[in-house]
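# Working through the structure, step by step
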Amino acid sequence: MLWHQLTDISQLSALVNTSKEQSANRLTVLIFKHSTRCSISSMALNRLEAKWSENETIKPYILDLLNYRDVSNEIASVFDVEHASPQVLLIKNGECFYHNSHNGISYNGIIEAITTQTQ
């Protein structure tokens, strides 16, 4: 799985713009908020990566919560979602249309949400 590192608040604007500009191409931005000290977060990440099939319509970003808490707080504010860890968010056309956390994070759930959203 080819993760893009999310390390700076300024990347959020670019991420939102990408999701808007590429919406006609059905691009969805995925943000995975990961705590490197949390076993549940590691388990969710491993499960996601094990099932992942490269998909040109999903651009995945990963955020290390321990090192970039300010970015996590900004994500919660920009997309109006309560902070959780681990947490996955799907962004399209500048808006979060799906989010889940902990054991609710699954590859199948992500694909189903994207499929439902694009219909």
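What comes next is a walk through the structure. Just so you know, these numbers come straight off a predicted model, no measurement behind them.

Here the focus is the nonpolar core. Counting residues in hydrophobic clusters, the biggest one holds 17 residues, and the most contacted among them are Trp3, Leu30, Phe32, Leu48, Val88, Leu90 and Ile110. Of all elements in the fold, only β2 (28-34), α2 (39-51), β3 (58-64), β4 (87-92) and α4 (107-118) reach the threshold of two or more residues within this core. At 4 residues, α4 tops the list of elements feeding residues into this core. If near-sequence neighbours (up to four positions away) are discounted, Leu48 is found in contact with Met1, Trp3, Phe32, Ser106, Tyr107 and Ile110. By size, the runner-up hydrophobic cluster in this structure holds 15 residues, among which are Leu6, Leu63, Ile75 and Leu89.

In this chain, Ser85 is followed by Pro86 through a cis amide linkage whose omega measures 0 degrees. Residues other than glycine seldom take positive phi values, yet Asp80 does so here, at roughly 55 degrees. Phi is positive for Asn93, close to 55 degrees, though the residue is something other than glycine. Looking at the secondary structure, you find Asn93 in the loop between β4 and β5 (95-101).

Where helix α1 (residues 10-21) contacts helix α3 (residues 69-79), the two axes come as close as 10 Å, and the packing angle between them is 40 degrees. Viewed along their axes, α1 and α3 adopt a mutual orientation that is oblique. Crossing angle aside, the handedness with which α1 passes α3 is right-handed. Here α1 contributes Leu12, Leu15 and Val16 to the contact with α3, which in turn contributes Val71, Glu74, Ile75 and Phe79. Residues belonging to the contact of α1 with α3 are distributed by class as follows: 6 nonpolar, no polar and 1 charged.

Thresholds applied
Just so you know, the residues in each chain are numbered from 1, in the order the chain's sequence is written. With the structure being a predicted model, the display of local features is reserved for residues of pLDDT at least 70 and the display and counting of side-chain atom pairs for 80 or more, all residues being used for whole-chain, interface and lining totals. Hydrogens and waters are ignored; side-chain quantities use all the structure's heavy atoms. Definition of nonpolar core: a set of buried residues of the types Ala, Val, Leu, Ile, Met, Phe, Trp, Tyr and Cys, connected through side-chain atoms within 4.5 Å. Only protein chains enter the area calculation, which uses a 1.4 Å probe; residues under 20% of their type maximum are buried, those over 50% are exposed, and those in between are partly exposed. The way it works is that DSSP assigns letters per residue, a run of H or I at least four long becomes a helix, a run of E at least two long becomes a strand, and they are numbered from the N terminus. Only heavy atoms enter the contact rule, under which two residues are in contact if any of them lie within 4.5 Å. In this analysis, axes come from line fits to C-alpha atoms, helices being fitted only over the stretch in contact, and the angle between any two N-to-C directions falls in the range 0 to 180 degrees. Note on angle classes: values under 35 degrees are labelled roughly parallel, values over 145 roughly antiparallel, values of 65 to 115 roughly perpendicular, and the remainder oblique. Each crossing gets its handedness from the near helix: less than a right angle anticlockwise from the far helix is left-handed, clockwise is right-handed. For this classification, Asp, Glu, Lys and Arg are treated as charged, while Ala, Val, Leu, Ile, Met, Phe, Trp, Tyr, Cys and Pro are nonpolar and the rest, including Gly, are polar.

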